[in-house]
Amino acid sequence: MSGLQVIGAGLGRTGTLSMKQALEELGFNPCHHMEETFSHPERNHKHHFTCILANENVIEHLEAVFGGYKAMVDYPGCMFYEDFMKMNPDAKVILTVRDTPEAWVKSVENTIFSHHTASNRLLWNFGKVIMKLAAPAHIPTVMELITRTHGVDPIDPKTDLAQMYTDWVNRVKETVPAEKLLVFNVKQGWKPLCDFLGVPVPDTPFPRVNSTKEFHAKHGKQKTRFLLKFAALVGFISAGAFCLVKFAM
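In this report, we go over the structure that sits alongside the text. (Residues numbered from 1 in each chain as written. Predicted model: local features only at pLDDT ≥ 70, side-chain atom pairs only at ≥ 80, totals over all residues. Heavy atoms only, no water.)

### Overview of the side chain of T96
Our working definition: Going along the chain from the N terminus, every DSSP run of H or I of four or more residues is numbered as a helix, and every run of E of two or more is numbered as a strand. The buried label applies to any residue whose accessible area, calculated with a 1.4 Å probe on protein chains only, is under 20% of its type's maximum; exposed applies above 50%, and partly exposed to all values in between. When checking whether two residues touch, look at their non-hydrogen atoms; a contact exists if any pair is within 4.5 Å.
Assignment of secondary structure puts T96 in strand β4 (residues 92-96). You can call T96 buried: its relative accessible area is 5%. With sequence-adjacent residues up to four places away left out, T96 is seen in contact with G10, T14, T16, M19 and F184.

Dropping the structure here:
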């Protein structure tokens, strides 16, 4: 059993990093968020997510990734909220939401699903190639899991992201018992969250972090490293091809 007391079923870009900080301040510490997959490489995320994608000992691999956490929010964990409910029958579920599906689409198109705005299929395919070659090893597998979970590829320009968001919100509401579920917008602040979890309301302001601007400031250097890695790989392949052609002549 993973030991989760709070299961976050909200999709990425629904205030999940603010929720992580809020839950940790309330004592549900540590709280898993996508950021954890970058800061804890010792958990060998690529291996575990690859096995989960192949439906091999799913619970065992979820435990390997999420074991030791008291709470979980954001991708990739939100995709497994139903598994976590079975593993942690006393846990409470929080569905973080945005004001409207359109507000969520605007946010993800400027951040985690930016390839969705590619102007043509060639640019979209190029973006996918860069991701597979230059992103951290586990990210392409996580994206495959996201596509499988939603039944659509969120970075495909043809995907209706507003519908994807709406379908997910409805799915969570239909599958989580009402008494265990809080539908929560981080704009609501501490009180509804604390009332649901049965903890005192802190004197500190509710966390407000990871706006689109902050996201780009944080991940800009990481994106640059990805592009440099991709450029180096292209250069290496080009040099190798040149040598082979020259040798063949």
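### Observations concerning helix α6 (residues 101-109)
Heads up, the condition is: Of all possible arcs, the one meant is that of the directions from the helix axis to the C-beta atoms.
What α6 keeps buried is the set W104, V105, S107 and V108. Each buried residue of α6 sits inside an arc of 165 degrees when the element is viewed along its axis, so together they form one side. Exposed side chains of α6 directed beyond 90 degrees from the buried face belong to E102 and K106.

### Quick word on unusual backbone geometry
Geometrically, the link from N29 to P30 is a cis peptide bond, its omega value of 5 degrees lying close to zero. Note on placement: P30 falls in the loop between α1 (16-25) and β2 (31-32). With an omega of -5 degrees, the peptide bond between Y75 and P76 qualifies as cis. With respect to the helices and strands, P76 occurs in the loop between β3 (71-72) and α5 (81-87). A positive phi angle, close to 45 degrees, is found at N57, a residue other than glycine. By the element assignment, N57 lies in the loop between α3 (45-53) and α4 (58-66). The phi torsion at D74 lies on the positive side, around 75 degrees, for a residue other than glycine. Structurally, the position occupied by D74 is in the loop between β3 and α5. Exposure remark for D74: the relative accessible area of 7% places this residue in the buried category.

### Topic: the nonpolar core
Operational definition: Here, nonpolar core refers to any group of buried Ala, Val, Leu, Ile, Met, Phe, Trp, Tyr and Cys residues whose side-chain atoms link them within 4.5 Å.
Core analysis: the largest hydrophobic core is formed by 45 residues, its most contacted members being I7, Y75, F84, W104 and F113. Broken down by secondary-structure element, the contributors of at least two residues to this core are α3, α4, α5, β4, α6, α8 (139-150) and α9 (161-175). Tallying contributions element by element places α9 first for this core, with seven residues. Beyond its immediate sequence surroundings of up to four residues, Y75 is in contact with L11, G12, H33, M34, I112, F113, I146, H150 and M164. Ranked by size, the runner-up nonpolar core spans 20 residues in total, among them V6, C31, F184 and W190.

Spatial relationships are all this shows, so hold off on functional conclusions.
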